[in-house]
Every structure is written in structure tokens, then in C-alpha cells.
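# Remarks on the overall topology
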Amino acid sequence: PLAYDKDSWYSEKENLGLPFPNLPYLIDETSGMKITQTRAILRFLARRHGLAGSTELEVTRADVVCEGLFESWDTMFKTTYCDHPGVDASAD
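Residues numbered from 1 in each chain as written. Predicted model: local features only at pLDDT ≥ 70, side-chain atom pairs only at ≥ 80, totals over all residues. Heavy atoms only, no water.

Before going further, it helps to examine the overall build of the protein chain. Across its full length, the protein chain holds 3 helices and 2 strands. Put simply, the protein chain runs from its N terminus to its C terminus through helices and strands in the order α-β-β-α-α. Here the contacts in the protein chain between residues at least 6 apart in sequence split such that 24% fall between residues at least 24 apart. (Helix = DSSP H or I, 4+ residues; strand = E, 2+ residues; numbered from the N terminus. Contact = heavy atoms within 4.5 Å.)

Structure follows, in C-alpha cells:
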């Protein structure tokens, strides 16, 4: 897994005024709205940019895209940041 300093996040997260201090987060500069949770952010951005759909079919399609993006991101995250049995992380 990648090495990174978690202390910088831990020292800052309680000062951001987030309802659920977690990564990722989005602070919308237009409304001041503070959002955490990946899917909530994706859905907010979809609504903001007219991509959330206006019919039941369109909303469902947007949900499918959102879930697909989350699953792809989740796979990338696990591949990048999680330990993998049998793999020597110190080998270059």
C-alpha cells in the first residue's frame, strides 16, 4: 500500500464543519453546502449539472452510472491502498 501521513487529515477534519467528517468531502462554494460520502457527492453533482434525470427512467439510469462509478472507484482504492497477500510492497 502507499504510505501517506494521516495526521494532516486527522488534525484538520474536525475543523471543516462537515456533518460526517470523512473523505471524500465537497464544500460547494456557491451554496456553502458541505457534503461527505462518495455517492452523495456524485448525486449532488449530477443534480447540479442536470445529469440526474427528470423521468423515472433517467433517474434510474443516473443511479446505475453512479453505482458503476462507485464500484470502479472502490476497486481502484482496494488495489491501491490495501495489503495484498503474497505481494512484497517494499519491492520495486
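Bringing helix α2 (residues 38-48) into the picture now. Of all the positions in α2, only Thr-38, Ile-41, Phe-44 and Ala-46 are classed as buried. Elements that come into contact with the buried residues of α2 comprise β1 (25-27), β2 (34-36) and α3 (56-81). Two residues or fewer after α2 comes Gly-50, characterised by a positive phi angle close to 70 degrees. (Buried < 20%, exposed > 50% of the residue type's maximum accessible area, 1.4 Å probe, protein only.)

Moving on to the pattern of salt bridges. If you walk through the whole model with that rule in mind, you get 5 salt bridges. Where Arg-48 meets Asp-28, a salt bridge forms, and the shortest distance between an N and an O atom there is 2.8 Å. Of this pair, Arg-48 sits in helix α2 while Asp-28 sits in the loop between β1 and β2, and the two are 20 residues apart along the sequence. In this structure Arg-48 comes out as partly exposed when scored by relative accessible area, which is 38%. When its relative accessible area of 9% is taken as the criterion, Asp-28 is described as buried. For the salt bridge of Lys-78 with Asp-74, the shortest nitrogen-to-oxygen distance reads 3.1 Å. Here Asp-74 and Lys-78 lie together in helix α3, a separation of 4 residues that amounts to about one turn. The network of salt bridges with common partners includes Arg-39, Arg-43, Asp-63 and Glu-67. (Salt bridge = Lys/Arg side-chain N within 4 Å of Asp/Glu carboxyl O.)

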